[in-house]
Amino acid sequence: MLGKIASSVSQTVYRLGIWYSGYRLIISISLILIYLLTAEQLATNYDYPFLYFYTLICYISFNIFQLFLLKIVPLQISKQLIFIFIIDVICLSVITFSAGGPNLQLSLLYVIIIFSSAILLNAHLSLIVTLFAVIMVVYQRFLGNFFDYTNLNNLGNSALLAFLFFVVHAIGRIAVQRFKILETLTFHQSIEIHQLQNI
């Protein structure tokens, strides 16, 4: 019976991984469409528009490759998910850099990455993804703003963003623990129902 539950949990993680990969592909295609449709009007909003564009092209390519790899080779799901989250953090970091720093939209994408990693990976690996995201996003802001006394507001925003990442990670871990409690409760109830049916 425990083998069935472990298999069920891994199947659920696999299905959620497929959904998350599809979500990534939709987001990356949407970002490039938004860029292409608004490039002329908003060209000054990007510090490095070509880097932004080519990073999105690479991000779409990675997303397609990883989605098909996850669909075709459903082995070592945990390792595939780790690489998915690493690619997400790296690409969003380059996009953030080319856009001139973190904004609300990109910060929300980071929050979704961190929450998804908290649900799909174990606690140790999701914490590593969270720390990697904090380092990738906040590192350049802390160093750049540390020596610029006239722009301490961005330093505070970066510190707030780092704190938000850890809060989202903690909320994700709490949600996973609640799901595990519900899972064990459901398992015990199914055993009791099975025993009652055998009477």
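Computed from a predicted structure; not experimentally measured.

Peer 1: I tried to follow the packing of aromatic side chains on my own but got confused; where do I start?
Peer 2: To describe a pair of aromatic rings, one takes the distance between the centres and the angle between the planes. This model, assessed by the stated rule, comprises six aromatic pairs. Note on Tyr35 and Phe53: the rings are 5.8 Å apart at their centroids and 35° apart in plane angle, and the pair reads as tilted. One end of the pair, Tyr35, is in helix α1 (residues 2-38); the other, Phe53, is in helix α2 (residues 49-72), with 18 residues separating them in the sequence. Residue classification places Tyr35 among the buried residues on the basis of a relative accessible area of 10%. Judged by centre distance (5.2 Å) and plane angle (15°), the ring pair of Tyr48 and Phe97 falls under stacked. Of the two residues, Tyr48 is situated in the loop between α1 and α2 and Phe97 in helix α3 (residues 77-98); the sequence distance between them amounts to 49 residues. Here Tyr48 falls in the partly exposed class, since its relative accessible area comes to 41%.

Peer 1: Before we go on, may I ask you to explain the pattern of salt bridges in this structure?
Peer 2: Note on pairing: side chains with opposite charge can pair once their charged atoms come close. Applying the stated rule across the entire model yields one salt bridge. The closest approach of N and O atoms between Arg24 and Asp88, which form a salt bridge, is 2.6 Å. Of this pair, Arg24 sits in helix α1 while Asp88 is found in helix α3, placing the two residues 64 residues apart along the sequence. Accessibility assignment for this pair places Arg24 and Asp88 in one class, buried.

Peer 1: Honestly, the packing of α3 against helix α4 (residues 104-120) in this entry has me stumped. Any pointers?
Peer 2: Two numbers describe a pair of packed helices, the interaxial angle and the distance between the axes. Interhelical geometry of α3 versus α4 gives an angle of 165° and a closest axis separation of 11 Å. With respect to α4, the axis of α3 lies roughly antiparallel. Between α3 and α4 lies a crossing whose hand is left-handed. Judged by residue contacts, Leu81, Phe85, Asp88, Val89, Leu92, Ser93, Ile95 and Thr96 of α3 engage Leu106, Leu109, Tyr110, Ile113, Ser116, Ser117 and Leu120 from α4. Split by residue class, the contact of α3 with α4 holds ten nonpolar, four polar and one charged.

Peer 1: Where do I start with α3 in this structure?
Peer 2: Side chains three or four residues apart in an α-helix point the same way, a direct result of the helix having 3.6 residues per turn. Taking 1.5 Å per residue as the helical rise, α3 with its 22 residues ought to reach 32 Å, and the 31 Å between its terminal C-alpha atoms agrees with that figure. Of the residues flanking the end of α3, it is Gly100, one or two places downstream, whose phi is positive at about 95°.

Peer 1: Sorry if this is basic, but what is going on with the environment of Pro49 here?
Peer 2: Inspection of the secondary structure puts Pro49 in helix α2. Between the C-alpha atoms of Pro49 and Tyr35, which are 14 residues apart in sequence, the distance is 9.1 Å.

Peer 1: Teacher, can you tell me more about the confidence of the model for the chain here?
Peer 2: Parts of the prediction with low pLDDT should not have their coordinates interpreted in detail. On average, residues of the chain score 81 in pLDDT, and 86% of them are at 70 or above. Here helix α5 (residues 123-146) is the element of the chain with the lowest mean pLDDT, 74, and α2 is the one with the highest, 91.

Parameters and conventions
- Residues numbered from 1 in each chain as written.
- Predicted model: local features only at pLDDT ≥ 70, side-chain atom pairs only at ≥ 80, totals over all residues.
- Heavy atoms only, no water.
- Phe/Tyr/Trp six-rings, centres within 6.5 Å; stacked < 30°, edge-to-face > 60°.
- Helix = DSSP H or I, 4+ residues; strand = E, 2+ residues; numbered from the N terminus.
- Buried < 20%, exposed > 50% of the residue type's maximum accessible area, 1.4 Å probe, protein only.
- Salt bridge = Lys/Arg side-chain N within 4 Å of Asp/Glu carboxyl O.
- Axes fitted to C-alpha atoms, helices over the stretch in contact; angles between N-to-C directions.
- Parallel < 35°, antiparallel > 145°, perpendicular 65-115°, else oblique.
- Left-handed = near helix turned anticlockwise from the far one by under 90°.
- Contact = heavy atoms within 4.5 Å.
- Nonpolar A, V, L, I, M, F, W, Y, C, P; charged D, E, K, R; others polar.
- Expected span 1.5 Å × (residues − 1).
- pLDDT = per-residue confidence, 0-100.

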